[in-house]
Amino acid sequence: MKRVEYTKKLLDEIGLGSERLDFFHIAASEAPMFAETVKTMTERAKKLGPNPYRINLQQESEKDKE
Amino acid sequence: MIIADRKPFEEIKESVKDYNKIMVLGCETCVAICQAGGEKEAEILASELKLAFGNEGKKVEVNDEIVIRQCDDEFMSDTAFLEKVKEADVVLSIACGVGVQHSCNYFNRIITEKPIRVIPGLNTTFMGANIDVGLWEERCLGCGDCVLERTGGICPITRCAKSLLNGPCGGSSNGKCEINKDTDCAWHLIIERLEALGELERIKPVEKYKDWRPSHSGGPRRMVREDLRL
Amino acid sequence: MGDYEPRVVAMLCNYCAYSAADLAGVGRIQYPTNVRIVYYLCTGKVEIVHILKAFEAGADAIFVGG
């Protein structure tokens, strides 16, 4: 968990933003909680928009193709 | 061992921003143990740089490499490795200051085609020990004239804020140093240790002065072992 | 941006969150399909570099579940 916290700090430094990473406690019996977590993270990713690094890479590779 | 701390990411990024091919070079000795410049840290830094530059739409090539020891020629003499060094625009060395200087010197001596740029990714802080998980403390200053035999194995030069040689100053209270309540008074520790050993008389003779000549002053110090020289 | 479907990476521990995900499947609980699961024997093995590499590979959000 501390490692995740540290990595969140790194992500802020990089400029990706720490919201893109999170840690959840999910017990083996908590299937609905798992589904809920996936929903939360998907919503969050939608709100944040695509990973800028990926977008830039795609543009680069498209440029290369041209 | 030598303890180092990673430079702030912003500073590192700023220092390599003009180059397109970066090699992050880790060192597997001291700085790997204090988790500042080992293999893992080299991978992390390389990945961070790739992401950070990619975020800004800048395409850079970042590789990470690792050598056992950057302060020794023989660990860097691998031909394939030197070839990679040659290809890079800049080598970002995450070794201690010794490693940065030595690798730079070595690369420029061996590789004659072009000058090699080596820049540091760490701040070398001190010579210390791992006293607890994730905690390091300075233990030696490299003064060149060890006094530990008189002080029960506790160094007053490094661990006393004033480097006193003849017992504690007036600021020692409850075994702590006056400059910082988290710091133990070195002389308190020394006296306790010598008392336990029954050798308190060791500190009775007054130490008039310390010979600071072997310490750092007047340029780099040098050690020559004639029996090892070729 | 209209067709943006986030890619979420889930790093899951065998004994907790992975079992929960399994149970979610068995229980037919609906959850977004954007998630890609990375299986760990223990989330203690999640390294910082794994997370960063996942972002490099184009993940939009990552969560660690243990």
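Residues numbered from 1 in each chain as written. Chains lettered and ligands numbered in written order. Predicted model: local features only at pLDDT ≥ 70, side-chain atom pairs only at ≥ 80, totals over all residues. Heavy atoms only, no water.

1. Re the layout of surface pockets
For step 1, the next point in the chain: Roughly 940 Å³ of volume is contained in the largest pocket.
For step 2, the next point in the chain: The wall of the largest pocket is formed by 30 residues, among which Tyr6 of chain A together with Cys34, Gln35, Ala36 and Glu41 of chain B lie closest to the centre.
For step 3, the next point in the chain: Contributing elements (two or more residues each) for the lining of the largest pocket: α1 (2-14) of chain A together with β1 (2-6), α2 (30-33), α3 (39-55) and β6 (122-132) of chain B.
For step 4, the next point in the chain: Examining the composition of the lining of the largest pocket, we find that six residues originate from one element, α1 of chain A, more than from any other.
For step 5, the next point in the chain: Here the lining of the largest pocket is composed, by residue class, of 14 nonpolar, four polar and 12 charged. (1 Å grid on protein atoms, 1.4 Å probe; cavity = no way out; pocket = protein on both sides within 12 Å on 5 of 7 lines; lining within 4 Å. Points joined across faces, edges and corners; volume = space filled by probe spheres on them. Helix = DSSP H or I, 4+ residues; strand = E, 2+ residues; numbered from the N terminus. Nonpolar A, V, L, I, M, F, W, Y, C, P; charged D, E, K, R; others polar.)

2. Section: the confidence of the model for chain A
For step 1, the next point in the chain: Residues with a pLDDT of 70 or more make up 88% of chain A, whose mean pLDDT is 80.
For step 2, the next point in the chain: Considering each helix and strand of chain A separately, the mean pLDDT is smallest for helix α3 (residues 52-65) of chain A, with a value of 71, and largest for strand β1 (residues 21-24) of chain A, with 88. (pLDDT = per-residue confidence, 0-100.)

3. Points about the nonpolar core
Among soluble globular proteins, nonpolar side chains are generally buried collectively.
For step 1, the next point in the chain: Counting residues in each nonpolar core, the largest one holds 50 residues, and the members touching the most others are Val16, Val24, Leu49 and Leu92 of chain B together with Met11 and Ile62 of chain C.
For step 2, the next point in the chain: Counting residues per element, this core draws most heavily on α3 of chain B, which supplies eight residues.
For step 3, the next point in the chain: Filtering out sequence-adjacent residues up to four positions away, Val24 of chain B remains in contact with Ala42, Leu45, Ala46, Leu49, Val62, Asn63, Asp64, Glu65, Leu92 and Ile94 of chain B.
For step 4, the next point in the chain: By size, the runner-up hydrophobic cluster in this structure holds 18 residues, among which are Val38 of chain A together with Ala17, Ala20 and Val35 of chain C. (Core = buried A, V, L, I, M, F, W, Y, C linked by side-chain atoms within 4.5 Å. Buried < 20%, exposed > 50% of the residue type's maximum accessible area, 1.4 Å probe, protein only. Contact = heavy atoms within 4.5 Å.)

4. Some words on unusual backbone geometry
Residues and elements named next belong to chain B.
For step 1, the next point in the chain: Notably, Ser163 is not glycine yet its phi reads approximately 50 degrees, a positive angle.
For step 2, the next point in the chain: Of note, Ser163 is situated in the loop between α6 (156-159) and α7 (186-197).
For step 3, the next point in the chain: Classification of Ser163 by relative accessible area gives partly exposed; the value is 25%.
For step 4, the next point in the chain: Of note in the backbone geometry, Asn174 takes a positive phi value of approximately 50 degrees without being a glycine.
For step 5, the next point in the chain: Within the secondary structure, Asn174 sits in the loop between α6 and α7.
For step 6, the next point in the chain: By relative accessible area, which is 79% here, Asn174 ends up exposed.

5. Describing the packing of aromatic side chains
For step 1, the next point in the chain: Counted according to the given criterion, the structure contains five aromatic pairs over all chains.
For step 2, the next point in the chain: Both rings, one in Phe24 of chain A and one in Phe63 of chain C, keep their centres 5.6 Å apart while their planes meet at 85 degrees; by these two values the pair is edge-to-face. With Phe24 of chain A in strand β1 and Phe63 of chain C in strand β3 (residues 61-65), this pair bridges two chains. Like Phe63 of chain C, Phe24 of chain A is buried.
For step 3, the next point in the chain: Among the aromatic residues, those joined into a ring-pair cluster are Phe81, Tyr106 and Phe107 of chain B.
For step 4, the next point in the chain: Here Lys210 of chain B stacks its cationic end above the ring of Trp212 of chain B, 5.2 Å away from the centre of that ring. (Phe/Tyr/Trp six-rings, centres within 6.5 Å; stacked < 30°, edge-to-face > 60°. Lys NZ or Arg CZ within 6 Å of the ring centre and 35° of its normal.)

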